[in-house]
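Chains, contacts and geometry: an overview
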Amino acid sequence: MRRSLRRAMATAIAMIATMSLAPLASPPAAAASQERLRVVHLGTLGGIWSVARGINNHGHVVGDSPLESGLSHAFLWKNGTMTDLGTLGGETSFASGIDDDGRVVGCSELPSGQWTPFLWHNGKMEDLGAHGAPGYCDAEVANGHIVISFAPAPGFAELRAVLLSGDVKTVIDRRPGLVADAVNDHGQVVGAENYVVNENGLPLPIYRAYLWHNGTGRELGTFGGMSAPDSINNLGQVVGNSDTADGHRRGFFWNGSSMTALPLPADVSNAGAVAINDRGQIVGSYSKVGNPYGFTALWDTPTSQPRTLPLPTDAKVTSARAHDINNQGWIVGSVTYYWNTGRHTQAVIWR
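Attention here is on the structure that accompanies the text. (Residues numbered from 1 in each chain as written. Predicted model: local features only at pLDDT ≥ 70, side-chain atom pairs only at ≥ 80, totals over all residues. Heavy atoms only, no water.)

1. Here we look at the state of the cysteines
- What the rule picks out here adds up to 1 disulfide.
- Two residues, Cys 107 and Cys 137, share a disulfide whose sulfurs are 2.0 Å apart. Every disulfide takes its handedness from the sign of the S-S torsion; for Cys 107 and Cys 137 that torsion is -85°, giving left-handed. Of this pair, Cys 107 sits in strand β7 (residues 104-109) while Cys 137 sits in strand β10 (residues 137-142), and the two are 30 residues apart along the sequence. For the pair Cys 107 and Cys 137, a shared accessibility class is recorded, and that class is buried. (Disulfide = S-S within 2.5 Å. Helix = DSSP H or I, 4+ residues; strand = E, 2+ residues; numbered from the N terminus. Buried < 20%, exposed > 50% of the residue type's maximum accessible area, 1.4 Å probe, protein only.)

Laid out in structure tokens, this is it:
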């Protein structure tokens, strides 16, 4: 249900501040009670860190972690066991999404040094063929629909997006510099377009969120600056973030016709949303004025104040980050520990 370009794109952006596309159904009622979530560590592939990036409705988790050698590989965590998914011949890989049929997608380095999106299913990793420049790769999956983002040559303005549905391959043809951030079970795609770059090759904050389905797309709007989605659920509801005209960042909820800001405490400086499930629960993060650490948040409904996700009861934990949420309300992400060797993340589930 989720996400955005990893690796180079995330770093660079941080450096600068149905056919009609209507909702598919009315949202189900939110959970009546606010259950207490507990943190479960998932472990590593033998290295010192791990990150969980996606979860399906069976509680199976994907992400990446280094081996003892230090090389990072995609993993699948299932019933308490973390499995190394390997690579397509290169040194590293990462997994970014998993659907309820166990299809895992992500990106792998090739022997040439290029990156390519992959599909892993029933023990086999398949090259999806969109070879591109190092660091420019992402993939998401839902009900067998796979969206991939890649750049055939270095540069954000070269970014392209494609939807694969079975044997059908469709180019998402909108404005240049296009990424696909998420897809739902119906093949609706959300992403950001118009990645125009400055003289240093970094994207200008003029990119806009879009929703696309069956060849037809529309912009979702902004709060005055750039906007980028991160997730779409099976009701056609979208969450992400947008900059305001005065330079702040806010998490948004798009209900099929209009964009509204997620509620926040009064002392928040910036915020964003990363995932929404079919119950309307949203996860994301926010930061407070004068506080160097971010807060990982759960909105039980798009109109409720956020709850802060609990951290492990360990004095060495400094922060946490959520990446995805399933329909059971289980959340995956990572917590950051400060050890003698530095700060390292550990993949976790809040459930």
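We are not done yet, so read on.
2. A word on the pairing of strand β19 (residues 238-244)
- Counting buried positions over the 7 residues of β19 gives 7, a clear majority of the element.
- Residue alternation in β19 divides its side chains into two sets, Val 238, Gly 240, Ser 242 and Thr 244 and Val 239, Asn 241 and Asp 243, and both sets are buried.
- Two elements, β19 and strand β20 (residues 249-254), share 6 bridges in a ladder whose sense is antiparallel. Each bridged residue has a counterpart across the sheet, and for Ser 242 the counterpart in β20 is Arg 250.
- Taking the residues between adjacent antiparallel strands as the criterion, β19 and β20 are bridged by 4 residues, where Gly 247 takes a positive phi near 95°. (Pairing = 2+ DSSP bridges.)

3. Focus: the sheet that holds strand β23 (residues 282-288)
- The 4 strands are arranged β22-β23-β24-β25 in an open sheet whose pairing can be described as antiparallel. Of all the strands in the sheet, the pair left with one neighbour each is β22 (268-276) and β25 (307-308).
- One ladder, built from 2 bridges, connects strand β24 (residues 294-299) with β25; its direction is antiparallel. The residue bridging Ala 297 from the neighbouring strand is Thr 308, located in β25.

4. Notes on the pattern of salt bridges
- Inspection of every chain in the model, using the stated rule, returns 9 salt bridges.
- For Arg 53, the salt bridge identified is with Asp 64, shortest N-O distance 2.5 Å. With a gap of 11 residues between them, Arg 53 in strand β2 (residues 51-55) and Asp 64 in strand β3 (residues 61-66) connect regions that are remote in the sequence.
- Looking at Asp 64, the relative accessible area reads 0%, which means it is buried.
- By sharing partners, the salt bridges in this structure join Arg 174, Arg 175, Glu 193 and Glu 219 into a single network. (Salt bridge = Lys/Arg side-chain N within 4 Å of Asp/Glu carboxyl O.)

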